[in-house]
Amino acid sequence: MSAERSRRIAVIGGGVSGLTAAREAALIGGSGTEVSLLEAADRLGGRIRRETLAGVPIDIGAEAFATRGGGVAELLAELGIEAEIVPPAKLGSWVIAGARAVRLPAAGTAGIPAEPLSRESRRALGLPGSVRAAAERLLPRRVGARSESLAELVRVRLGRRVLERLVGPVVLGVHSTDPSRLTLSSIPGLAQAYARRGSLVVAARELRDGASAAGGAVAGLRDGMTTLTDALAAELGRLGVKARTGVAVERIERRAGAWALLDAEGRELDRAEGVVLAVPEEAARTVLGAPAAEEASSRVEVVALALEEPLLDSAPRGTGALVAGTGDGVRRGIAAKALTHVTAKWPERARRAGSGLHLLRVSYGRAGSPPETAGLGDAAVQRIALNDASRILGVELRAESLRGMVRREWRTNAPPGARGREGSVDPPLAAPPGTVLIGDWVSGTGLASVIPAARAAARQLLHAPNDEGTSRT
Ligand SMILES: Cc1cc2nc3c(=O)[nH]c(=O)nc-3n(C[C@H](O)[C@H](O)[C@H](O)COP(=O)(O)OP(=O)(O)OC[C@H]3O[C@@H](n4cnc5c(N)ncnc54)[C@H](O)[C@@H]3O)c2cc1C
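A brief report on the enclosed structure follows. (Residues numbered from 1 in each chain as written. Predicted model: local features only at pLDDT ≥ 70, side-chain atom pairs only at ≥ 80, totals over all residues. Heavy atoms only, no water.)

1. Concerning a positive patch on the surface
- On the surface, Arg103, Arg119, Arg122 and Arg123 cluster together into a patch of positive charge.
- Per-element tally for the positive patch: the top contributor is helix α3 (residues 119-134), with three residues.
- Its location among the elements puts Arg123 in helix α3. (Patch = residues over 30% accessible without salt bridge, like charges linked within 9 Å, V, L, I, M, F, W, Y side chains within 5 Å. Areas by Shrake-Rupley, 256 points an atom, 1.4 Å probe, with all protein chains shown as cover. Salt bridge = Lys/Arg side-chain N within 4 Å of Asp/Glu carboxyl O. Lys, Arg positive; Asp, Glu negative; His and termini not counted. Charge placed at Lys NZ, Arg CZ, Asp CG, Glu CD. Helix = DSSP H or I, 4+ residues; strand = E, 2+ residues; numbered from the N terminus.)

Here's what the structure looks like:
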């Protein structure tokens, strides 16, 4: 495909990956390129979604982005919305491990402490655990070289306490799975930094310093992450991209030198020379007629609560807390895996909520089992979430304080290199010629990974002149 010839590009999936890829294709393809986007749901945005709770907007899906790499900020600047970027409050977050609530050591990667001997690390790990982790720098590279999972590598190099009290809860909170199912390469940037530095602690420090150079590890948007997807959708309109919602693509097949996109009844929805599959792995496998993966995704549920409760004014767990799941960190009567104190984390949201009103997000679900709230009615979920929030925050929250609740179930994709229940890793899905695959199951969880990958994929598909963008993959 030359850059000059007229061609059609179809993007399947209207989450942030698909929206970004469609914009990139329309921008670099120029007038000779016709771009269309087909989204199965009745709205664009995918796992970025805003709800209104007690009159205050709240992200019920992704709520922040990692600043690593600068790719998200770059896109926001191009869209003219960089002024909307807001930092989270510097309150830190906590880990609930058994009966203990401890501050999460600042700016570790996947829970790996960058400063194992800091006061926070010593509190979280105890002195023996801290010293054990600090000694990791002195271990030769061969220690852990045969490890088959992130859990094994962390246990061998940093010790059991780091695994159970820090890495386990953080990985569960972010990836909805256990570190025994992940490899080092599942955590964006970590494998490369570890290969360079030969120490997990030094690698975590390097990634931390990179993040602080970017102004902090994560950031959000003043009115929530839908500001990004709304801006992308608006720009697609200006660029002449035909975006359709409520249109599910069931499969694609070769017809007359192009790809025909078909619905479940075999009707042709679109035809294009290049196809971007910006859908979850399960859908991509269906569309390409590939066998299903063992465990491509897991279910999670986010329950958001609005509470009028002055005891929360002091933000007792900072911006929120992660709950340890196994071993040393056995959970005591808490079904949730994480809680975000939204109004403590995002000052703008607190201003909107007004004095006394607090918004909490309580998350459920881990790989291999449905969320503890699945299938339950609102009254039961409200009871469970209030109980969990009370235990996590160390504050008795009463149903009378509740001013509203919204809940939504999501599917999270297993990151690249993740293992299924039987311990096997599915062979990666191959993209046939003229197609590209994007999304967090391809490039790693989170907007900082999927946005640069979506842009690079669009360029790859168009064979654009390699002037600036391809190195961002
Ligand atoms: C609860 C939760 C919290 C999160 N928090 C954060 C966070 O704070 N920071 C962060 O960086 N990341 C976070 N993430 C991850 C982040 O949301 C995702 O990495 C990102 O949104 C993925 O975007 P995507 O476009 O690749 O996929 P999706 O958003 O899943 O989009 C895929 C789209 O494809 C559509 N589709 C599926 N099948 C078909 C079909 N057959 N035909 C047409 N369309 C189809 C779907 O309807 C969907 O709209 C979170 C995720 C969840 C679930």
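Let us keep going from here.
2. Digging into the sheet that holds strand β2 (residues 33-38)
- In space, the five strands of this open sheet follow the order β10-β2-β1-β14-β20, with parallel pairing throughout. Every other strand in the sheet has two partners, leaving β10 (242-244) and β20 (435-437) as the edge strands with one partner each. The sheet shows a mean angle of 15° between the axes of neighbouring strands, direction not considered.
- Note: strand β1 (residues 7-12) against β2, six bridges, orientation parallel. Considered in β2, the bridge of Arg8 is made with Glu34. (Pairing = 2+ DSSP bridges. Axes fitted to C-alpha atoms, helices over the stretch in contact; angles between N-to-C directions.)

3. With respect to the sheet that holds strand β16 (residues 320-323)
- Within the open sheet, the seven strands sit side by side as β8-β7-β16-β17-β18-β15-β19. Their pairing is mixed. Either end of the sheet is taken by a strand with one partner, and the two such strands are β8 (100-103) and β19 (402-413). The average undirected angle you get between the axes of adjacent strands in this sheet is 20°.
- Taken together, the eight bridges between strand β15 (residues 297-308) and strand β18 (residues 357-364) define a ladder with antiparallel strand orientation. Across the sheet, the residue bridging to Leu305 is Leu360, located in β18.
- Helix α5 (residues 160-175) rests against β7 (94-97), β8, β16 and β19 of the sheet, and its axis sits at about 105° to β16. (Contact = heavy atoms within 4.5 Å.)

4. Observations regarding the nonpolar core
- Counting residues in hydrophobic clusters, the biggest one holds 38 residues, and the most contacted among them are Leu228, Val276 and Leu447.
- Breaking this core down by element, the ones donating at least two residues are β1, α1 (16-29), β2, α2 (71-78), β9 (218-221), α8 (226-238) and α14 (447-462).
- The leading source of residues in this core is α14, at nine residues.
- Lining this core are residues from two domains, each supplying at least three of them: domain 1 (7-47 + 225-295 + 429-472) and domain 2 (50-90 + 218-224 + 297-413).
- The residues touching Leu447, leaving out its near neighbours within four places in the chain, are Val16, Ile48, Ala64, Phe65, Val72, Met225 and Pro452.
- Leu184, Leu190, Ala203 and Leu322 belong to the second largest nonpolar core, which has 34 residues in total. (Core = buried A, V, L, I, M, F, W, Y, C linked by side-chain atoms within 4.5 Å. Buried < 20%, exposed > 50% of the residue type's maximum accessible area, 1.4 Å probe, protein only. Domains from an automatic or database assignment.)

Geometric values such as these leave the question of function open.
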